[in-house]
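Below are the chains, spelled out letter by letter.
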Amino acid sequence: MTSRKTRHGHVNAYKSGCRCDACREANRVYQAASNKRRAADPALADRAGHGRASTYINYACRCDACKAANSQRLREQRDRRAVAKGETA
């Protein structure tokens, strides 16, 4: 999983494949800080591109195009789950 030089409780260990509690927590903290930084700067969402679910999620963009893309993603996800359960969509 991790190399001998990678220490546990660090995001790099998580990225290397370790999923121990300490590495998961380090990754959670890292991702939360990244999301907060991206949401604080609307210009980053402009560069990422509007009308994509990833911009809605990662950049906290709530423009009409991004909201519509995320709604579509959620509909598709719900339909996939219904098919997997044997329900009709």
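Quick look at the structure, then. Computed from a prediction, not measured in an experiment: that's the story for all the values here.

**Let's talk about the overall build of the chain**
Phase 1: Within the chain, the regular secondary structure consists of 5 helices and 0 strands.
Phase 2: N-terminal to C-terminal, the α/β element order of the chain is α-α-α-α-α.
Phase 3: Taken over the C-alpha atoms alone, the chain extends approximately 45 × 40 × 15 Å along its principal axes.
Phase 4: Here the chain holds 89 residues, and the buried ones make up 24% of them.
Phase 5: Look at the contacts in the chain between residues 6 or more apart in sequence, and 0% of them connect residues 24 or more apart.
Phase 6: Looking at the chain as shown, the accessible area adds up to about 6500 Å², and 49% of this sits on carbon and sulfur atoms.
Phase 7: With 20 positive and 8 negative side-chain charges, the chain shows a separation of 8 Å between the mean positions of the two kinds.

**A short note on helix 5 (residues 64-85)**
Phase 1: The terminal C-alpha atoms of helix 5 lie 32 Å apart, and with 22 residues this matches the ideal 32 Å at 1.5 Å per residue to within 8%.
Phase 2: For helix 5, the set of buried residues is C66, A69, N70 and A82.
Phase 3: Buried residues belonging to helix 5 abut helix 4 (53-59).
Phase 4: Backbone geometry just downstream of helix 5 places G86 in the positive-phi region, at approximately 90°.

**Considerations on the pattern of salt bridges**
Phase 1: Under the counting rule described, the total for this entry stands at 2 salt bridges.
Phase 2: Between E25 and R28 there is a salt bridge; the shortest N-O distance is 2.7 Å. Here E25 and its partner R28 are both found in helix 2 (residues 21-40), 3 residues apart, which amounts to about one turn of the helix.
Phase 3: Taking relative accessible area as the criterion, E25 reaches 38% and is therefore assigned partly exposed.
Phase 4: For R28, a relative accessible area of 47% puts it in the partly exposed group.

**Some words on the side chain of N70**
Phase 1: Inspection of the secondary structure assignment puts N70 in helix 5.
Phase 2: For N70, the residues in contact, after removing those within four places along its chain, are A53, Y56 and I57.

Cut-off values and rules
Residues numbered from 1 in each chain as written. Predicted model: local features only at pLDDT ≥ 70, side-chain atom pairs only at ≥ 80, totals over all residues. Heavy atoms only, no water. Helix = DSSP H or I, 4+ residues; strand = E, 2+ residues; numbered from the N terminus. Buried < 20%, exposed > 50% of the residue type's maximum accessible area, 1.4 Å probe, protein only. Contact = heavy atoms within 4.5 Å. Areas by Shrake-Rupley, 256 points an atom, 1.4 Å probe, with all protein chains shown as cover. Lys, Arg positive; Asp, Glu negative; His and termini not counted. Charge placed at Lys NZ, Arg CZ, Asp CG, Glu CD. Expected span 1.5 Å × (residues − 1). Salt bridge = Lys/Arg side-chain N within 4 Å of Asp/Glu carboxyl O.

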